[in-house]
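Coordinates in review
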Amino acid sequence: MSDIEKTVTVLHTSDWHLGRMLYEKKRYDEHDAFLAWLLKQIRDYRVDVLVVAGDIFDTTTPSHRAQAQYYGFLRDLRQTGCAHVVLIAGNHDSPTFLEAPRGLLQSMNVHVVGSISGSVEGEVLILRDQNDRPRIIVGAVPFLRDRDIRLAQSGETLQEKEENLARGIRNHYHNLCAYANALREAIDAQLPFLVTGHLFTSGGETIEGDGVRELYIGSLARLDRTIFPESIDYLALGHLHLAQTVGRNETRRYSGSPLPMGFGEVGREKSVSLVTFEGRSAKVEQLPVPVFQRLERVAGELGAIREALERLKAFYESVWVEVFYQGTENANTVSAAIDETVAGSAVEVLRKRNLSMIERSLSDYQAVKELEEFSPEQVFETRMDSANTPPERREGLMAAYREILRQVMESDRNAE
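Below you will find a few notes about this structure. (Residues numbered from 1 in each chain as written. Predicted model: local features only at pLDDT ≥ 70, side-chain atom pairs only at ≥ 80, totals over all residues. Heavy atoms only, no water.)

In terms of burial, strand 9 (residues 193-198) is largely enclosed, as six of its six residues are buried. Both faces of strand 9 are covered, namely the face carrying F193, V195 and G197 and the face carrying L194, T196 and H198. Inspection of the sheet shows strand 8 (residues 134-139) paired to strand 9 by three bridges, in the parallel sense. By the bridge assignment for strand 9, G139 is matched with V195. The sheet contact formed by strand 9 and strand 10 (residues 234-238) spans five bridges and is parallel. (Buried < 20%, exposed > 50% of the residue type's maximum accessible area, 1.4 Å probe, protein only. Helix = DSSP H or I, 4+ residues; strand = E, 2+ residues; numbered from the N terminus. Pairing = 2+ DSSP bridges.)

A word on the sheet that holds strand 10. Across the sheet, which stays open at both edges, the six strands sit in the order 7-8-9-10-12-11 with mixed pairing between neighbours. What marks the edges here is a single partner per strand, and that holds for strand 7 (124-128) and strand 11 (244-246). Ignoring strand direction, the axes of neighbouring strands in this sheet form an average angle of 30°. Sheet topology places strand 10 next to strand 12 (residues 249-254); three bridges connect them, and they run parallel. Residue pairing across strands places L237 opposite Y254, the latter belonging to strand 12. Together, strand 7, strand 8 and strand 9 form the strand contacts of helix 7 (residues 158-187), whose direction differs from that of strand 9 by roughly 160°. (Axes fitted to C-alpha atoms, helices over the stretch in contact; angles between N-to-C directions. Contact = heavy atoms within 4.5 Å.)

Quantified by volume, the second largest pocket comes out at close to 340 Å³. In this structure, the second largest pocket is lined by 20 residues; those nearest its centre are D48, A83, D129, Q130 and R135. Looking at the lining of the second largest pocket, the elements with two or more residues in it are strand 7 and strand 8. Residue classes in the lining of the second largest pocket are distributed as seven nonpolar, six polar and seven charged. (1 Å grid on protein atoms, 1.4 Å probe; cavity = no way out; pocket = protein on both sides within 12 Å on 5 of 7 lines; lining within 4 Å. Points joined across faces, edges and corners; volume = space filled by probe spheres on them. Nonpolar A, V, L, I, M, F, W, Y, C, P; charged D, E, K, R; others polar.)

Strand order in the open sheet formed by three strands is 15-16-17, with parallel pairing between adjacent strands. Looking at which strands have only one partner, the edges of the open sheet turn out to be strand 15 (294-300) and strand 17 (347-353). In this sheet, adjacent strand axes meet at a mean angle of 25° when their direction is disregarded. Direction of pairing for strand 15 relative to strand 16 (residues 319-325): parallel, over a ladder of seven bridges. Among the inter-strand pairings, L295 is bridged to a residue of strand 16, identified as W320. Where helix 8 (residues 302-313) meets the sheet, it contacts strand 15, strand 16 and strand 17, and its direction lies at approximately 155° from that of strand 15.

A separate point is the nonpolar core. Nonpolar side chains in soluble globular proteins tend to be buried together. Core analysis: the largest hydrophobic core is formed by 32 residues, its most contacted members being Y70 and F73. Broken down by secondary-structure element, the contributors of at least two residues to this core are helix 2 (28-44), strand 4 (49-53), helix 3 (64-77), strand 5 (84-88), strand 6 (110-113) and strand 13 (271-278). By residue number, the principal contributor to this core is helix 2, which donates seven residues. Excluding residues within four positions of it along the chain, F73 makes contact with W16, L35, L38, L39, I42 and L50. Ranked by size, the runner-up nonpolar core spans 28 residues in total, among them V124, Y173, L191 and F228. (Core = buried A, V, L, I, M, F, W, Y, C linked by side-chain atoms within 4.5 Å.)

All right, on to helix 2 then. Taking 1.5 Å per residue as the helical rise, helix 2 with its 17 residues ought to reach 24 Å, and the 24 Å between its terminal C-alpha atoms agrees with that figure. Restricting attention to buried positions, one finds in helix 2 the residues Y28, E30, H31, F34, L35, W37, L38, L39, Q41 and I42. Count one or two residues on from helix 2 and you reach R46, which has phi positive near 50°. (Expected span 1.5 Å × (residues − 1).)

Mapped onto the elements, V10 comes out in strand 1 (residues 7-13). Here V10 falls in the buried class, since its relative accessible area comes to 0%. Residues V10 and T276 lie 266 residues apart in sequence; the distance between their C-alpha atoms is 6.3 Å. When sequence neighbours within four positions are dropped, the list of residues in contact with V10 reads V47, V49, V51, I136, L194, S273, L274, V275 and F277.

Our focus in this paragraph is the environment of Q190. As for its position among the elements, Q190 is in the loop between helix 7 and strand 9. C-alpha of Q190 to C-alpha of S281: the two residues are 91 residues apart in sequence and 9.2 Å apart in space.

A few words now on the pattern of salt bridges. The full count for this structure, using the stated rule, is 23 salt bridges. Linking K352 and D339 is a salt bridge whose minimum nitrogen-to-oxygen distance equals 2.7 Å. Placement of the pair is K352 in strand 17 and D339 in helix 9 (residues 331-342), with a sequence separation of 13 residues. Using a relative accessible area of 23% as the deciding quantity, one classes K352 as partly exposed. (Salt bridge = Lys/Arg side-chain N within 4 Å of Asp/Glu carboxyl O.)

Attention now moves to the pairing of strand 5. Counting buried positions over the five residues of strand 5 gives five, a clear majority of the element. Along strand 5, one buried face is formed by H84, V86 and I88 and the opposite face, lined by V85 and L87, is buried too. Bridge analysis of strand 4 against strand 5 gives five bridges, and the strand direction is parallel. Each bridged residue has a counterpart across the sheet, and for V51 the counterpart in strand 5 is V86. Note on the crossover from strand 4 through helix 3 to strand 5: the handedness is right-handed. Two elements, strand 5 and strand 6, share four bridges in a ladder whose sense is parallel. Residue pairing across strands places V85 opposite V110, the latter belonging to strand 6. (Right-handed = clockwise from strand over helix to strand, strands pointing away.)

The structure is reproduced here in structure tokens:
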């Protein structure tokens, strides 16, 4: 086999969240533009394998248009020369929905893994070239749900449940890698080995308003990076929306979401990861994703806000804006003045903050922190604060609350 044939090019992306809205603004046009751009990158860089590490859709019941975007993309992908696609379910995806057309997609070399089965064999893929020669082994691990990975035991404490869940996730990755490594030794010891995941590793970076939510209740929301065996040549993760490495290892990383999920990501570059394997050695390059819809934040007193909005209007391009008002004038007067400033322009103010009596009443706890930005545990902690709950009772109440949350989450997922 020539050196060219030994080279395998993989494009790693995740967290598309097709169908997502930003403060009631639909984002289908942005996703159309991203998917068209992605097809061009796959064609230009002669990508052999596309890996999408979960959260393809924003909900488990995606709209018809979101589904059309997904299937239209897979159809058009066949014209790019990409030999294989690996798709895993994230916590936002319905495993059943993704796997429903599995047989049909398999005929197009689109490999879908929505959930795990009793054996890791179904998650280990040997991807071959057009001459049926093995090129790369992929461990396609989807989002690991509590019910799939942990055996419930009567009388477990919350800490024991968390420890058993962590042990279950670690064991799953180690069992999968042991099986894949045995296959590799039997076929070709130099085959690259890529593994996926949709989870939250400890030390992972998030940002206000990016939409990332904890995956598990309790301390297991964030998993130690040591759960991943050293035999993995490239770890393709999803769930965190900011592109980043895991433990500063260039071959273990989150690609991040291709679109900013909120105004907190203003100014943060989006990217996908281009991975070139020479044997088992992986070289990683970040491909910046263009900005398809400009987002901006404006803050200050009313005069400064109006001046900033006027400057944005001068660009004559679509801009979505979040405004932070920091003055003392009447809220209705300020809101009307902002609306008047942008009227008839391509600038749209999607969110105004610090303008209502409700927001002002929250300032004693945390300035302008809205309910949607709180985790369930933070909401409960705030309620205990307001009720002046004694410190000695808080730990027990929080443990009970976490157990209720876990049961609710499991009930929702079982009803999927």
